[in-house]
Amino acid sequence: MPLLSIRSQDFDRASRVDAFRNVVASMTRVDFIPDDRQHFNSETSIAVLPGVIIGHGRHSASRAIRTRSHAAECSDDVMFHIPLAGGGTISQIGGKEEVLRAGTVYVDPGDVPGTVRFGGQYMEGIYVSIPKAHLGMAEAGLQAVLRRSAPLTPQWRLFLNYARSLHAELPALAPEEAAQCVAHVQDLALMALGATREATEIAAGRGVRAARLKEVKRQIEQNLFSAELSAESVASRLGFSSRYLRALFEREGTSFRDYVASRRLACAYRMLSDPALQHLNIAQIAMDAGFGDLSWFNTRFKQTYGMTPRDARAGLA
């Protein structure tokens, strides 16, 4: 699925600021006012999904104003502003001015007028918008943080990291895969907002589990060829039990051992199919891919690809 990109540098220099402001105002219902029109720079990429909008933005010193007329055209989505670098402020009717900086989250009722001030050389952040209807089970927690800046708890960091990953990977996902991820983002928001016990169980059953499995798989990729890679080593690094880690894979219909083997086999297959690596014998490739037992490697390779490693290499001839 594609991302929507809005970049000031894509507009003609002579009319860059005004053209950019008109496009942004029509699409996001805010008015950008740069501190320095000549050197103004802004870029935003937006993932638009049913039930979640995720944006990544980087802006030079400027103000983004949501006027009363803009607010009247907005839905009742709740937007979570999470700065990544730089700093600024935000103020909305009904609240006081809040500082935006890395390590915090600001919860913005999207249909309320306000002003975001991007300060310094630039400010970079992630913005996640969720329809308020999806946050009903966390109503008390939501009301407690609306129009306020709060520290990122571990739950908020899970929310942020999953949203960033989804934003980055969206172009490679099929629509049905992306739709599945929407529920994960919503559930992680419920968890972070301190939802009811029922909602927390929902989040623990989907969003948090998905985020943790994604982190486990990232750790596997980083250590894929290491002889020390094990369920115990990964679980210890991430701070939970190996039993819980194995349960994550069982819910996916596989096992830690089989998942690691499939990833190593894929690497071995690519190496066997690479003409530049024909000088390596099959045993060396198996070892380089993380397999310590050549017989087991040969058996698993044939089970997976329907041919022996030698057959795969012969295909280059």
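See the structure printed just above.
Visitor: Got a sec to walk through the packing of aromatic side chains? Specific residues and values, please.
Guide: This model, assessed by the stated rule, comprises 16 aromatic pairs. Taking 5.5 Å as the distance between ring centres and 80° as the angle between the ring planes, the aromatic pair formed by W156 and F159 counts as edge-to-face. Here the residue W156 and the residue F159 both occupy positions in helix 4 (residues 154-169), the gap between them amounting to 3 residues, near one helical turn. A single burial state applies to W156 and to F159, both of which are buried. Of the aromatic side chains, those joined through ring pairs into one cluster are Y269, F291, W296, F297, F301 and Y305. Here the basic side chain of R58 rests over the ring of Y122, its NZ or CZ set 3.6 Å away from the ring centre.

Visitor: Describe the pattern of salt bridges, and please don't skip the residues or the numbers.
Guide: If you walk through the whole model with that rule in mind, you get 11 salt bridges. Here D108 makes a salt bridge to R66, at a shortest N to O gap of 2.9 Å. Residue D108 is found in strand 8 (residues 104-109), and its partner R66 is found in strand 5 (residues 62-66); the two are separated by 42 residues along the sequence. D108 gets classed as buried once you look at its relative accessible area, which sits at 2%. E232 is paired through a salt bridge with R246; the nearest N and O atoms lie 2.8 Å apart.

How each quantity is defined
- Residues numbered from 1 in each chain as written.
- Predicted model: local features only at pLDDT ≥ 70, side-chain atom pairs only at ≥ 80, totals over all residues.
- Heavy atoms only, no water.
- Phe/Tyr/Trp six-rings, centres within 6.5 Å; stacked < 30°, edge-to-face > 60°.
- Helix = DSSP H or I, 4+ residues; strand = E, 2+ residues; numbered from the N terminus.
- Buried < 20%, exposed > 50% of the residue type's maximum accessible area, 1.4 Å probe, protein only.
- Lys NZ or Arg CZ within 6 Å of the ring centre and 35° of its normal.
- Salt bridge = Lys/Arg side-chain N within 4 Å of Asp/Glu carboxyl O.

Interpretation note: all reported values are geometric properties and have no functional meaning in isolation.
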